[in-house]
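Working through the structure, step by step
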Amino acid sequence: MAHTRNTASLRRALRREVPSTVGLLADEQDFAAMRRYRSFTFDDHTRYLHETERLLRTLAAGGAHTTVALFDPEDYAAYCVETGLDPDTPASRSRYTAEIAATGARVAYTGQPIADLVPLLIDTAVRHATREYATMLLAEAGQCADCGQDIGRAAFDQASRAVLHLLDRAGPGAHHLVCSIPAADQHLLAVLHTDRTETGPARIDSAEGAEFVTVLAAGIARATPGGLVLRTSTTGTPDRLHGWRLDNGRLVPLTEAEVFNAYCTDSDTGEPLPPEPGVEYRAGYDLAPDDGRPTHH
């Protein structure tokens, strides 16, 4: 009897060492697409989310590390065709979930409610897709016809220096940067949040920083139009807004009037908008010579 209890205890301990992965159908459209498979037995998305949350809580209560990945029905169908799997089986869905958890967008379950987990997962998936697309654009840039330099790598280095220089010039405070780059298949948008004290450098999340620099580099490498804005908040003073535009692979400072117009004009109607209270609209500042112009010739 003692041997049986000891074996059961060992199994529970071993189970806590095994990570779990859950594929989540985040919206009703994706959920509806999966209902074409007879082996997918859920018929109500709200109940599905409720049961998924119960499962996540059970896994967490057992001490297991759980990862949640975004389940994409279209990508799943293509995956099954490519691998020769029958899509109408739980085993195929489980295998696909393991694959996307290893290479795709995913978040760790830390006990957050499903209502918070779903938008977090969708945001993570959007950011992952943005970075992948921007990385592809850099890879496709090729080599400079004149100097033979890898354009994508040079643009990434240039973008990295530019971001660090912008944050250095911004000084202490909470900084919020937004980079917007139009592309052929999708509009690239990246956001970077940093904090900087009076004495130390800006603290940058490595994943968020890499995504931001990659998007900016894609615009530099392809010499497309685009823009970058920086908002700095410090205690006891108005927020400061600065702006730059991409011009043939260069970040060019906007004037104070251009920054004001960019923020105080409705992008859909062109009608003026009232200035935001407690905000100062300022010109962008010049970059260091090596940060503001393309490094390939």
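That block above? That's the structure.
As the structure is a computational prediction, the values presented were derived from the model and not from experiment.

Procedures and definitions
Residues numbered from 1 in each chain as written. Predicted model: local features only at pLDDT ≥ 70, side-chain atom pairs only at ≥ 80, totals over all residues. Heavy atoms only, no water. Helix = DSSP H or I, 4+ residues; strand = E, 2+ residues; numbered from the N terminus. Contact = heavy atoms within 4.5 Å. Areas by Shrake-Rupley, 256 points an atom, 1.4 Å probe, with all protein chains shown as cover. Expected span 1.5 Å × (residues − 1). Buried < 20%, exposed > 50% of the residue type's maximum accessible area, 1.4 Å probe, protein only. Polar contact = N/O pair within 3.5 Å; in protein donor to acceptor, adjacent residues only side chain to side chain. Patch = residues over 30% accessible without salt bridge, like charges linked within 9 Å, V, L, I, M, F, W, Y side chains within 5 Å. Salt bridge = Lys/Arg side-chain N within 4 Å of Asp/Glu carboxyl O. Lys, Arg positive; Asp, Glu negative; His and termini not counted. Charge placed at Lys NZ, Arg CZ, Asp CG, Glu CD. Axes fitted to C-alpha atoms, helices over the stretch in contact; angles between N-to-C directions. Parallel < 35°, antiparallel > 145°, perpendicular 65-115°, else oblique. Nonpolar A, V, L, I, M, F, W, Y, C, P; charged D, E, K, R; others polar. Core = buried A, V, L, I, M, F, W, Y, C linked by side-chain atoms within 4.5 Å. Arc of directions from axis to C-beta. Phe/Tyr/Trp six-rings, centres within 6.5 Å; stacked < 30°, edge-to-face > 60°. Pairing = 2+ DSSP bridges.

Okay, the overall build of the protein next. Across its full length, the protein holds 10 helices and 10 strands. Considering only intrachain contacts with a sequence separation of at least 6, the fraction spanning at least 24 residues in the protein is 63%. Element-wise, carbon and sulfur atoms account for 52% of the exposed surface of the protein, whose accessible area totals about 16,700 Å².

Its 17 residues give helix 8 (residues 206-222) an end-to-end C-alpha distance of 24 Å, which sits within 8% of 24 Å, the value for a rise of 1.5 Å per residue. Counting buried residues in helix 8 gives 14 out of 17 residues, a clear majority hidden from the surface. The opening residue of helix 8, the one whose side-chain oxygen lies 3.2 Å from the backbone nitrogen of A207, is D205. A223 occupies a position one or two residues after helix 8 and carries a positive phi of about 50°.

A cluster of like negative charges, contributed by D27, E28, D43 and D44, occupies part of the molecular surface. In this structure, D44 sits in the loop between helix 2 (28-34) and helix 3 (45-61). By relative accessible area, D44 is classed as partly exposed at 35%.

The next subject is the packing of helix 4 (residues 73-83) against helix 5 (residues 90-103). The interhelical angle for the contact between helix 4 and helix 5, taken along N-to-C directions, is 105°, at an axis separation of 11 Å. By the angle class used here, helix 4 and helix 5 are roughly perpendicular. Contact with helix 4, carried on its side by D75, Y76, Y79, C80 and T83, involves S92, R93, R95, Y96, E99 and I100 of helix 5 and no other residues of that element. Looking at side-chain class alone, the contact of helix 4 with helix 5 contains five nonpolar, two polar and four charged residues.

Now for the nonpolar core. Nonpolar side chains tend toward joint burial in soluble globular proteins. Judged by nonpolar contacts, the single largest core of 34 residues is most densely connected at L188, F212, L216, L228 and L251. Those elements giving two or more residues to this core turn out to be helix 6 (114-140), helix 7 (151-170), strand 4 (173-181), strand 5 (188-196), helix 8, strand 7 (226-233) and strand 8 (239-247). Core analysis: the second largest hydrophobic core is formed by 27 residues, L25, F40, Y76 and I114 among them.

Before going further, it helps to examine the side chain of T194. Along the chain, the position of T194 falls in strand 5. By relative accessible area, T194 is classed as buried at 2%.

With that out of the way, let us pick up helix 5. Look at helix 5: 20 Å from first C-alpha to last across 14 residues, which is about the 20 Å you get at 1.5 Å a residue. Among the residues of helix 5, those classed as buried are S92, R93, Y96, T97, I100 and A101. The buried residues of helix 5 all sit within an arc of 165° when viewed along its axis, so they share a single face. Within helix 5, the exposed residues directed more than 90 degrees away from the buried face are A91, A102 and T103. Looking at the buried side of helix 5, the elements it contacts are strand 1 (20-24), helix 2, strand 2 (66-70), helix 4 and strand 3 (106-108).

Our next topic: the packing of aromatic side chains. Inspection of every chain in the model, using the stated rule, returns 13 aromatic pairs. Arranged with centres 6.0 Å apart and planes meeting at 90°, the rings of Y37 and Y76 form a pair that is edge-to-face. With Y37 in the loop between helix 2 and helix 3 and Y76 in helix 4, this residue pair connects regions lying 39 residues apart in the sequence. For the pair Y263 and Y281, a centre-to-centre distance of 6.0 Å together with 55° between the ring planes defines the contact as tilted. Of this pair, Y263 sits in helix 9 (residues 256-263) while Y281 sits in strand 10 (residues 279-281), placing them 18 residues apart in sequence. With a relative accessible area of 10%, Y281 lands in the buried category. Through pairs of rings, three or more aromatic residues link up here, namely Y37, F71, Y76, Y79 and Y96.

The three strands are arranged 1-2-3 in an open sheet whose pairing can be described as mixed. Looking along the sheet, the strands with just one partner apiece sit at the ends: strand 1 and strand 3. Put simply, the sheet's adjacent strands are angled 25° from each other on average, direction ignored. As paired strands, strand 1 and strand 2 are joined by five bridges and run parallel to one another. By the bridge assignment, L24 is partnered in strand 2 with L70. This element, helix 3, spans strand 1 and strand 2 of the sheet and lies at about 170° to strand 1. Seen against the sheet, helix 6 touches strand 1, strand 2 and strand 3 and runs at an angle of roughly 140° to strand 3.

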